[in-house]
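Report on the structure
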Amino acid sequence: MKTTKLLTLLPLIAALFFLSCKKEEPELEPTLYERLGGISAITAVVDQFLVNVINDPVINHRFTTANGEALRLHLIDQICEATGGPCIYKGLSMKEAHSTATNPGANVANITDEEFNALVGDLVMAMNTLNVPADLQNELLAILAPMKDDIVGNP
Ligand code: HEM
């Protein structure tokens, strides 16, 4: 009699055992990359940004000798990686890219504060065109802003 009772309870005991073993999944916050909308959204922002740069009289002269497609792919990878996405940026460091000592073919000597701000303005304009919410814009700008010291004022 006792054994029969135990046998009927067995599935319940087993269920309780397995439930107690179930590990809590850590609740991961979505990355900025995911919240921006992934690679397609980042690509759209970079493409609109480059259109804005080409139409920006403050800085477009810097890019007349640039390899546009290589720069585009580097920017997509850089933003994808910096926002927590699956890409790996394989270009030059910001210091190397914006100095003629390490990037001799590029028109990058003595980039000014004004030029840096113009480029950031072109990025903000692109994000506004594509309806990127202001809080996500600010998160991306906060990632890019510390790069300024490596970009401005190199020979
Ligand atoms: C946060 C700001 C910036 C970021 C994230 C950025 C990013 C980059 C990247 C990823 C490259 C390609 C590096 C490589 O080829 O390996 C590059 C190159 C370059 N950048 Fe910037 N940059 C910034 C600001 C600026 C500013 C303010 C200027 C000038 C107005 C500028 C002008 C250039 C030029 C002329 C090149 C070389 C293009 C070529 O000749 O191929 N960048 N930048």
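Residues numbered from 1 in each chain as written. Predicted model: local features only at pLDDT ≥ 70, side-chain atom pairs only at ≥ 80, totals over all residues.

1. Re the overall build of the protein chain
We apply this condition: Comment: elements are numbered from the N terminus, with helices defined as DSSP H or I runs of at least four residues and strands as E runs of at least two. Put simply, a residue is buried when 20 or more other C-beta atoms lie within 10 Å of its own C-beta and exposed when 12 or fewer do; between those, it is partly exposed, and each C-beta is set from the backbone. Note on contacts: residues are paired as contacts if their backbone-placed C-beta atoms lie within 7 Å.
Scanning the protein chain from N- to C-terminus turns up eight helices and zero strands. Starting at the N terminus and ending at the C terminus, the protein chain contains elements arranged as α-α-α-α-α-α-α-α. Counting every position in the protein chain, which comprises 155 residues, the buried fraction comes to 16%. Contacts in the protein chain between residues far apart in sequence, at least 24 positions, make up 71% of those at least 6 positions apart.

2. Some thoughts on the nonpolar core
Operational definition: Note on terminology: a nonpolar core is a set of buried residues of type Ala, Val, Leu, Ile, Met, Phe, Trp, Tyr or Cys, with members joined through C-beta atoms within 7 Å.
Within the largest apolar cluster, 16 residues are counted, with the highest numbers of intra-cluster contacts made by Ile42, Val45, Val46 and Phe49. Looking at this core, the elements with two or more residues in it are helix H2 (32-36), helix H3 (38-54), helix H4 (68-82) and helix H6 (113-129). Looking at this core element by element, the count peaks at five residues for H3. When residues no more than four places from it in sequence are discounted, the contact partners of Val45 are Ala126, Met127, Leu130 and Val132.

3. Quick look at the environment of Val108
Looking at the secondary structure, you find Val108 in the loop between helix H5 (94-97) and H6. For the pair Val108 and His98, spaced ten residues apart in sequence, the C-alpha to C-alpha distance is 5.1 Å. Those residues in contact with Val108 that lie beyond four places of it in its chain are His98, Ser99, Thr100 and Asn103.

4. Details of the site of the ligand
Formally: Only the C-beta atom matters for nearness: placed from the backbone, it must lie within 6 Å of the molecule or strand for the residue to count as near. Just so you know the grouping, Ala, Val, Leu, Ile, Met, Phe, Trp, Tyr, Cys and Pro go in nonpolar, Asp, Glu, Lys and Arg go in charged, and all remaining residues, Gly too, go in polar.
Around the ligand sit 24 residues in total, of which Ala66, Gly91, Leu92, Ala97 and Ala106 are the nearest. Mapped by element, the contributors of at least two residues to the shell around the ligand are H4 and H6. Among the residues making up the shell around the ligand, the classes are represented as 15 nonpolar, seven polar and two charged.

5. Comments concerning the environment of Asp77
By the secondary structure assignment, Asp77 is in helix H4. Asp77 sits 34 residues away from Thr43 along the chain, and the two C-alpha atoms are 9.3 Å apart. If we skip the residues at most four places from it in the chain, Asp77 touches Cys87, Ile88, Tyr89 and Lys90.

6. Some thoughts on the packing of H3 against H6
This is how it is decided: A fitted line through C-alpha atoms serves as each axis, taken over the contacting stretch for helices, and the angle formed by two N-to-C directions is quoted from 0 to 180°. Should an angle fall under 35 degrees it is taken as roughly parallel, and over 145 as roughly antiparallel, whereas 65 to 115 is taken as roughly perpendicular and any remaining angle as oblique. Left-handed describes a crossing whose near helix is turned anticlockwise from the far helix by less than a right angle; the clockwise case is right-handed.
Interaxial distance between H3 and H6 falls to 8 Å at its minimum, and their mutual angle equals 130 degrees. Classed by the angle they form, the pair H3 and H6 counts as oblique. For the pair H3 and H6, the sense of crossing is right-handed. In contact with Val45, Gln48, Phe49, Asn52 and Val53 of H3, H6 contributes Leu119, Asp122, Leu123, Met125, Ala126, Met127 and Thr129. Along the lines of polarity and charge, the residues of the contact of H3 with H6 split into eight nonpolar, three polar and one charged.

7. Quick look at the environment of Glu115
One can find Glu115 in helix H6. Between the C-alpha atom of Glu115 and that of Asn60, which follows or precedes it by 55 residues, the distance is 9.8 Å. Leave out the neighbours within four places in its chain, and Glu115 touches Val58 and Ile59.

8. Section: H4
The condition that has to hold: Multiply 1.5 Å by the residue count of a helix minus one, and that product is the helix's expected span.
The end-to-end C-alpha distance of H4, which contains 15 residues, comes to 21 Å, matching closely the 21 Å that a straight helix rising 1.5 Å per residue would cover. Among the residues of H4, Leu75, Gln78, Ile79 and Cys80 are the ones counted as buried. Buried residues along H4 sit against H2 and H3. Positioned one or two residues after H4, Gly84 has a phi angle of 95 degrees, which is positive.

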